[in-house]
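Secondary and tertiary structure notes
Residue-level listing of the chains:
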Amino acid sequence: MAKSSADDGELRRACEAAIEGTKHKVVLSMRTVKTLGTWGKTAKLGRQMAKPRVLALCTKAKGQRTKAFLRVLKYSTGGVLEPAKMYKLKHLSKVEVVTNDPSGCTFTLGFDNLRSQSVAPPQWTMRNTDDRNRLLLSIFNICKDILGRIPKIVGIDVVEMALWAKENTPAISSRSNQQDGSFADSAVTNSELKVYVEKELVSQAEEEDMEALLGNYIMGVGEAEAFSERLKRELQALEAANVHAILDTEPLIDEVLIGLEAVTNCVEDMDEWLGMFNVKLRHMREDIESIEIRNNKLEMQNVNNKTLIVELDKLLEQLSIPSEYSACLTGDSFDETLMVQNIEACEWLTTAMRGLEVPNIDPTYAKMRAVKEKRGELQIIKSTFVGKASEYLRSYFASFVEFMLNDKNYFSQRGQLKRPDHSDLRFKCRTYARLLKHLKILDKNCLGPLRKAYCSSLNLLLRKEAREFANELRASAKTTTKTPTVWLEVFTGSGQNVNSADAVAVSESYAKMLTIFIPLFVDESSFFAHFMCFEVPSPVDGNKTGHNNMGNDDDLGIMDIDEKDSRFGKISVDHAVLNESLQDLLEGIEEEFAAIVDWAYKIDPLCCISMHGTTERYLSGQKADAAGFVRILLGDLESRISMQFSRFVDETCHQIERNERNARQTGVLPYIPRFASLATRMEQYIAGQSRDLVDQAYTKFVSIMFVTLEKNAQADPKYADIFLIENYAAFQNSLYDLANVVPTLAKFYHQASEAYEQACTRHISVIIYYQFERLFQFARKIEDLMLNSNCAPEEIPFQVGLSKVDLRKTLKSSLSGVDKSVAAMYKKLQKNLTSEELLPSLWDKCKKDFLDKYDTFVQLVAKIYPAESVPSVTELRDLLASM
């Protein structure tokens, strides 16, 4: 027989190492295999996955008490035991051996504290029955000693267990004492674990009684035939006694048979009566069923009739027209006092017409003649009401606007600017706003003529307000400046000057015109879109200022209608119709603004700069919503202002070009300082986005000026450089301050500076060569030979005209009276120069250029004629400084 794992010391020590630190003492450790069972049926062995495990019985002393545990240990990846689960033996309620295991080595342990009782407990399979009995007997002994009870035992013969324990107790003790040669190291010791294997499951007296009982009934093999004969004899005696008892009871049996016959007759009579009653009851049952069927039909018919009456009453109520609504819908009174009744009638009519349409009404009802006739009647009433209401509103708009046109208090008068006030008109419109909303619901095509009538009437009012306001603005400006004929001369200080106060007044008039009327047009456009039931977003806050926020939905009084009729769906916006209506509303108004622009241009064309900036500011502030046509108006104004300013620029450029056709020009051209004055004034008018407009004008002005300047200089080539020097210098001097702050002018300033430097260089070179032509001509010949003929420096003195004698003659003729030649240069430079303030800077440049050229000459002489001596550059520099 294989060695039991209970006697394995290594296993015991591995278990103790795994639970080290828990104060548990290992009583018994045995290897086993764990499988999972199922409820209701026993799983076949080998079908479930078997997992090797080690069961260890442990105890823990806690004071005077001792607790018992059953630990399950598993093998880790490295083959080392580690704790898996721990059960308390005090909760062990049942030990059951699995019946389908023929070897009897598989059992389950039932604990009463498991969290999920629906999960079958695991099955433990030992190697043999000796290991099983040894483990279970140890569990029973610990439970009996510590807990005072043993768990319920199922599937195990208690007597067989007791006999096995009695036979194997000495072996257990001896193996425990002999292992490792000492009692202290035994696997199972009485002193440490307090487990006594020899303790029996039954007492000695019970065992003796069982042996006596077994001795009475258990016989050897040789007594089987005698025992069988004895049993046969006793069976025959019992049968004979039973037959004798039956013969003794024959009279009683006869009486019982007679009674049974009488009862049978009674039962047959009763059966006939029950058959008769059954037939009668069947007929009665059929009659009752027939009555119930007729009764149910009558009840169903009654219920249906009641329901039909209710539905017909509802339909009649839906088809009937209330008298108060009928009077409003067929009448022709639309006064303000009756508007509430008219709106209620419209709401009822809208609801009634929708109620007669599928799917709001059952399709069966919709085919009824009464419903069709009522639908046609409501259509006639709708058409009549919509026609009368539309005609009334068209005439109402025209009459009220005519009343405002005839009242002078609504418009600006002489000496009094009047801000347009449409509060009365808005109040009247608010009264009929809800009616318009319902008219659109009833017939959306009816709003077209109404919109045209409203736009036509309001257009007359807006145009007159703008015209009267513009006239009063022009009258109150009181300008004294007459329209100039030559714009460029206006800014020179000569002739007729533009009064700056007039220009400010004109600009302010245009700005005031926009400030008053642009928000008004935006409000009117937004109000029109909402009042005439276009689906547009609510106007932004910036478009409501200045006119009592008259464009919002609350003023119209239609917000509650949107909420009430939201179930009928949103009506999409027809942008083309809205833009066409807005064009009708504001048509012709741009003429009044154009008149202000033209008037301002005549007073001072530079006002176009400020007007352009003001217009651009309003244009950028408008959103592309219901007031989109206002953007078109502002765009047209901006284009007109740009056109007028371009006209001014073209006229000024034409005046500049006329200088080209005049007689020979000398000194500074007049348009140079005039342009500086013009640019200074233009910068004063810049506001907002007008920077680009002014920069474009600068570019055109300066380009024409420079082109004209070059053409005038070519008229007299002899004095062209002096002419350019003076004019470019004047341009720089006059625009120095502006060029520091205006990038566009700074670009032209640098361009003029480059042209000035080029003209200075050319003019000074002419003067120098005029006085020292022979000297520098000699140097030029040497340079030409060195560059073009590849002549070596030592060969040059042997060339014709370049000998040392020729050098000495050239030096003598050019430098013998150098002081007089320098003085002649100064006089020549001074002679034709009209701007004396330019002379010092030009003379300094002349001396510098002369010394540079002479220095080049001295270097050539030193290279070609090393033996010859010439005056040094320092000597000439000192000479020039002393003069």
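Residues numbered from 1 in each chain as written. Predicted model: local features only at pLDDT ≥ 70, side-chain atom pairs only at ≥ 80, totals over all residues. Heavy atoms only, no water.

- Per an unreviewed UniProt entry, the chain goes by Exocyst complex component Sec3 PIP2-binding N-terminal domain-containing protein and derives from Psophocarpus tetragonolobus.
- Among the UniProt annotations of the chain, the heading Sequence similarities (unreviewed entry) holds the following wording: "Belongs to the SEC3 family." (UniProt positions renumbered as here; feature names shortened; annotations may be inferred.)

1. Focus on the overall build of the chain
- Counting secondary structure elements, the chain contains 31 helices and eight strands.
- Expressed as a percentage of the 883 residues in the chain, the buried residues total 41%.
- Relative to all contacts within the chain whose residues are 6 or more apart in sequence, the contacts with residues 24 or more apart total 71%.
- With an accessible surface of roughly 48,900 Å², the chain has 53% of that area assigned to carbon and sulfur atoms. (Helix = DSSP H or I, 4+ residues; strand = E, 2+ residues; numbered from the N terminus. Buried < 20%, exposed > 50% of the residue type's maximum accessible area, 1.4 Å probe, protein only. Contact = heavy atoms within 4.5 Å. Areas by Shrake-Rupley, 256 points an atom, 1.4 Å probe, with all protein chains shown as cover.)

2. Comments concerning unusual backbone geometry
- Despite not being glycine, lysine 23 shows a phi value in the positive range, around 65 degrees.
- Positionally, lysine 23 belongs in the loop between helix H1 (9-18) and strand S1 (25-36).
- Owing to a relative accessible area of 71%, lysine 23 belongs among the exposed residues under this scheme.
- Residue cysteine 533 is not a glycine yet carries a positive backbone phi of 65 degrees.
- Relative to the assigned elements, cysteine 533 resides in the loop between helix H15 (500-531) and helix H16 (553-556).
- Relative accessible area serves as the criterion here: at 3%, cysteine 533 is assigned to the buried category.

3. Focus on the sheet that holds strand S7 (residues 122-125)
- Strand order in this open sheet of eight strands is S4-S3-S2-S1-S7-S6-S5-S8, and the pairing throughout is mixed. Because the sheet does not close on itself, it has two edges, and the strands there are strand S4 (81-88) and strand S8 (152-154). Across the sheet, the axes of successive neighbouring strands diverge by a mean angle of 35 degrees, strand direction being ignored.
- In this sheet, S7 lies alongside S1 in antiparallel orientation, the contact comprising four bridges. Among the inter-strand pairings, valine 33 is bridged to a residue of S7, identified as threonine 125.
- Lying on the sheet, H1 is in contact with S1, strand S2 (51-62), strand S3 (65-75) and S4; it crosses S1 at an angle near 90 degrees. (Pairing = 2+ DSSP bridges. Axes fitted to C-alpha atoms, helices over the stretch in contact; angles between N-to-C directions.)

4. Digging into the side chain of histidine 24
- Residue placement: histidine 24 occurs in the loop between H1 and S1.
- For histidine 24, a relative accessible area of 13% gives the class buried.
- Among the polar contacts made by the side chain of histidine 24, one reaches the side chain of arginine 71 at a distance of 3.2 Å. (Polar contact = N/O pair within 3.5 Å; in protein donor to acceptor, adjacent residues only side chain to side chain.)

5. Notes on a positive patch on the surface
- Side chains of Lys62, Arg65, Lys67, Lys88 and Lys90 sit close together on the surface and give a patch of like positive charge.
- Structurally, lysine 88 is set in strand S4. (Patch = residues over 30% accessible without salt bridge, like charges linked within 9 Å, V, L, I, M, F, W, Y side chains within 5 Å. Salt bridge = Lys/Arg side-chain N within 4 Å of Asp/Glu carboxyl O. Lys, Arg positive; Asp, Glu negative; His and termini not counted. Charge placed at Lys NZ, Arg CZ, Asp CG, Glu CD.)

6. Examining the pattern of salt bridges
- Scanning the entire structure with this criterion turns up 20 salt bridges.
- Between arginine 394 and glutamate 391 there is a salt bridge; the shortest N-O distance is 2.4 Å. Placement of both arginine 394 and glutamate 391 in helix H11 (residues 369-406) is noted, with a separation of three residues, approximately one turn of the helix.
- Residue glutamate 591 is joined to arginine 463 by a salt bridge in which the shortest nitrogen-to-oxygen separation is 3.4 Å. Linking glutamate 591 in helix H19 (residues 590-603) with arginine 463 in helix H13 (residues 447-477), this pair joins segments that are 128 residues apart in sequence.
- In this structure glutamate 591 comes out as partly exposed when scored by relative accessible area, which is 47%.
- One salt-bridge network, held together by shared partners, links Glu683, Arg691 and Asp695.

7. Comments concerning a nonpolar patch on the surface
- Residues Met270, Trp273, Leu274, Met276, Phe277, Leu281, Met284 and Ile288 make up a contiguous nonpolar surface patch of about 860 Å² in total accessible area.
- Position of phenylalanine 277 among the secondary structure elements: in helix H7 (residues 250-319).

8. A look at the packing of aromatic side chains
- Applying the stated rule across the entire model yields 29 aromatic pairs.
- With a centroid separation of 6.0 Å and an interplanar angle of 65 degrees, the aromatic rings of phenylalanine 397 and phenylalanine 531 are classed as edge-to-face. Here phenylalanine 397, found in helix H11, pairs with phenylalanine 531, found in helix H15; they are 134 residues apart in sequence, far enough to count as distant.
- By relative accessible area, which is 1% here, phenylalanine 531 ends up buried.
- Both rings, one in tyrosine 454 and one in phenylalanine 528, keep their centres 5.8 Å apart while their planes meet at 20 degrees; by these two values the pair is stacked. Of this pair, tyrosine 454 sits in helix H13 while phenylalanine 528 is found in helix H15, placing the two residues 74 residues apart along the sequence.
- For tyrosine 454, a relative accessible area of 2% puts it in the buried group.
- Taken together, the ring pairs connect Tyr392, Tyr396, Phe397, Phe400, Phe403, Tyr432, Tyr454, Phe527, Phe528, Phe531 and Phe534 into an aromatic cluster.
- Taking NZ or CZ as reference, arginine 426 lies 4.2 Å from the ring centre of phenylalanine 527, over its face. (Phe/Tyr/Trp six-rings, centres within 6.5 Å; stacked < 30°, edge-to-face > 60°. Lys NZ or Arg CZ within 6 Å of the ring centre and 35° of its normal.)

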